[in-house]
Amino acid sequence: MDITIQNFETDLINASLEQPVLLDIWAPWCGPCKQLTPVLEALEVAYAGRFKLAKLNADEQPEISGQLSQMFGVRSIPFCVLFKDGQPVDGFVGALPEAKLREFLDKHVPSPEEAEAGEEAALAGELLAEGNPESALERLQEAVAIDPANDVIRYDYLRALLMIGRAAEARRAFEPVASKVLLDARLAAAGHWIAAQEQAATARSPEALAAAIAANKRDFDARFELAQTHFAAQRFTEAMDELLEILMRDKAWKEELARKTYVAILELMAKPAAAAKAEAAPKGALEVSGKVNTAPADPVVDQYRRRLSMTLF
């Protein structure tokens, strides 16, 4: 695939959001380039779709090659740049031997097992988005078994289990990553959802809880129990309404448990970031990096974020 100004955005920047793309910058007069390119082409086949090879003629596309050379402080070719998630992340100069090329690629390209798990997870993600967690579950279970260190896949697996109320299985799947909750908001949210389903199993009836709250609006235990019941049943806004009632009266109740649970629900409700497309660069300029992915706006989530902010601050 030859890269030009016309297809730079779509076939390089945007394509690297889906899989790593290695850009081989060469020129017809360059002897080492002629040695390197066939090796890269053979590796693209050997890696079976785990990365895509693209080529750029430095003589015909000096604007692109010049900007990348300046970015990496390089003045010679062959020069290869690896793009990943819309960004140029690494590169090398010269006709490296195959062993060194594999070493470079293996730092950035998923292993065969990780690639297989990613494919399963992507298909499962589509099923989850369609509201079909039962069909997604088997694919996600297999993906977690293939790539147990992938916390993004594990989060989707936990979400699928909890969407169909299988809290005990979710608890077992959560235990290996429980220590990561301070670093990963998604896993923390899954942990709160598991706790809600576990508590809801032994909770008082909604009528009994409503009566307790009516008798004493500061019965935070009853109000939190009701919020957990709503949370477990995926009545997310009703759960947050009860949690806000606690926060308005006592922000620090039980070491900020109400706030942490509220934030967890917002995390679960938030849509995943879409694959972002690089915006068109101004005329006469070239943008070699894609834009940061952002989650699409959700008016309900935005509304409840504002309500939390108003309550806390």
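Here, every reference points to the structure presented above.
Rules used throughout
- Residues numbered from 1 in each chain as written.
- Predicted model: local features only at pLDDT ≥ 70, side-chain atom pairs only at ≥ 80, totals over all residues.
- Heavy atoms only, no water.
- Core = buried A, V, L, I, M, F, W, Y, C linked by side-chain atoms within 4.5 Å.
- Buried < 20%, exposed > 50% of the residue type's maximum accessible area, 1.4 Å probe, protein only.
- Contact = heavy atoms within 4.5 Å.
- Patch = residues over 30% accessible without salt bridge, like charges linked within 9 Å, V, L, I, M, F, W, Y side chains within 5 Å.
- Areas by Shrake-Rupley, 256 points an atom, 1.4 Å probe, with all protein chains shown as cover.
- Salt bridge = Lys/Arg side-chain N within 4 Å of Asp/Glu carboxyl O.
- Lys, Arg positive; Asp, Glu negative; His and termini not counted.
- Charge placed at Lys NZ, Arg CZ, Asp CG, Glu CD.
- Helix = DSSP H or I, 4+ residues; strand = E, 2+ residues; numbered from the N terminus.
- Disulfide = S-S within 2.5 Å.
- Axes fitted to C-alpha atoms, helices over the stretch in contact; angles between N-to-C directions.
- Parallel < 35°, antiparallel > 145°, perpendicular 65-115°, else oblique.
- Left-handed = near helix turned anticlockwise from the far one by under 90°.
- Nonpolar A, V, L, I, M, F, W, Y, C, P; charged D, E, K, R; others polar.
- Pairing = 2+ DSSP bridges.
- Phe/Tyr/Trp six-rings, centres within 6.5 Å; stacked < 30°, edge-to-face > 60°.

Caption draft 1: Here's a closer look at the nonpolar core. Membership of the largest hydrophobic core comes to 50 residues, with the highest contact counts inside it found for Leu140, Leu158, Phe231, Tyr262 and Ile265. Beyond its immediate sequence surroundings of up to four residues, Leu140 is in contact with Ala121, Ala124, Leu128, Ile153, Asp156, Tyr157 and Ala160.

Caption draft 2: Region of interest: a negative patch on the surface. A surface patch of negative charge is lined by Glu113, Glu114, Glu116, Glu119, Glu138 and Glu142. Mapping Glu119 onto the fold places it in helix H5 (residues 112-129).

Caption draft 3: Spotlight on the state of the cysteines. Taken as a whole and judged by the stated rule, the model has one disulfide. Paired through a disulfide, Cys30 and Cys33 show a sulfur-sulfur distance of 2.4 Å. Its S-S torsion of about 85° marks the bond between Cys30 and Cys33 as right-handed, since a negative value means left-handed. One exposure class covers both Cys30 and Cys33, and it is buried. Cysteine Cys80 is unpaired, with the sulfur of Cys33 as its nearest cysteine sulfur at 8.4 Å. Its relative accessible area of 0% is what places Cys80 among the buried residues.

Caption draft 4: Expanded view of the packing of helix H7 (residues 151-163) against helix H9 (residues 185-200). Two numbers describe how H7 lies on H9: the axes approach to 10 Å, and their chain directions differ by 20°. Between H7 and H9, the angle is such that the two are roughly parallel. When you trace H7 past H9, the crossing you get is left-handed. Here Asp151, Val152, Tyr155, Leu158, Arg159, Leu162 and Met163 of H7 come into contact with H9, specifically with Arg186, Leu187, Ala190, Trp193, Ile194 and Gln197. Across the contact of H7 with H9, the residue classes tally to nine nonpolar, one polar and three charged.

Caption draft 5: Region of the structure containing the sheet that holds strand E2 (residues 52-57). Strand order across the open sheet formed by four strands is E2-E1-E3-E4, with mixed pairing between neighbours. Of all the strands in the sheet, the pair left with one neighbour each is E2 and strand E4 (87-93). Going from strand to strand, the sheet's axes swing by 25° on average, the running direction of each strand aside. As paired strands, strand E1 (residues 21-26) and strand E3 (residues 79-84) are joined by five bridges and run antiparallel to one another. Note on E3: the bridge partner recorded for Leu22 is Leu82. Relative to E3, helix H3 (residues 62-72) is tilted by about 85°, and along the sheet it contacts E1, E2, E3 and E4.

Caption draft 6: Focus on the pattern of salt bridges. Per the counting criterion, the structure on display carries 17 salt bridges. A salt bridge links Lys107 to Asp90; its shortest N-O distance comes to 3.4 Å. Taken as a pair, Lys107 in the loop between helix H4 (98-106) and H5 and Asp90 in strand E4 lie far apart in primary sequence, 17 residues in all. Each of Arg171, Glu175 and Glu198 takes part in one network of salt bridges that share partners.

Caption draft 7: Inspection of the packing of aromatic side chains at higher detail. Scanning the model with the defined rule gives ten aromatic pairs in all. On the basis of an interplanar angle of 80° and a centroid distance of 5.7 Å, the ring pair of Tyr47 and Phe51 is categorised as edge-to-face. Its relative accessible area of 2% is what places Tyr47 among the buried residues. A centroid spacing of 5.8 Å and a plane angle of 75° characterise the contact between Trp193 and Phe236, whose relative ring orientation is edge-to-face. One end of the pair, Trp193, is in helix H9; the other, Phe236, is in helix H12 (residues 236-249), with 43 residues separating them in the sequence. An aromatic cluster is built from Trp193, Phe231 and Phe236, whose rings are joined through pairwise contacts.

Function cannot be read off these values alone, since they describe shape.
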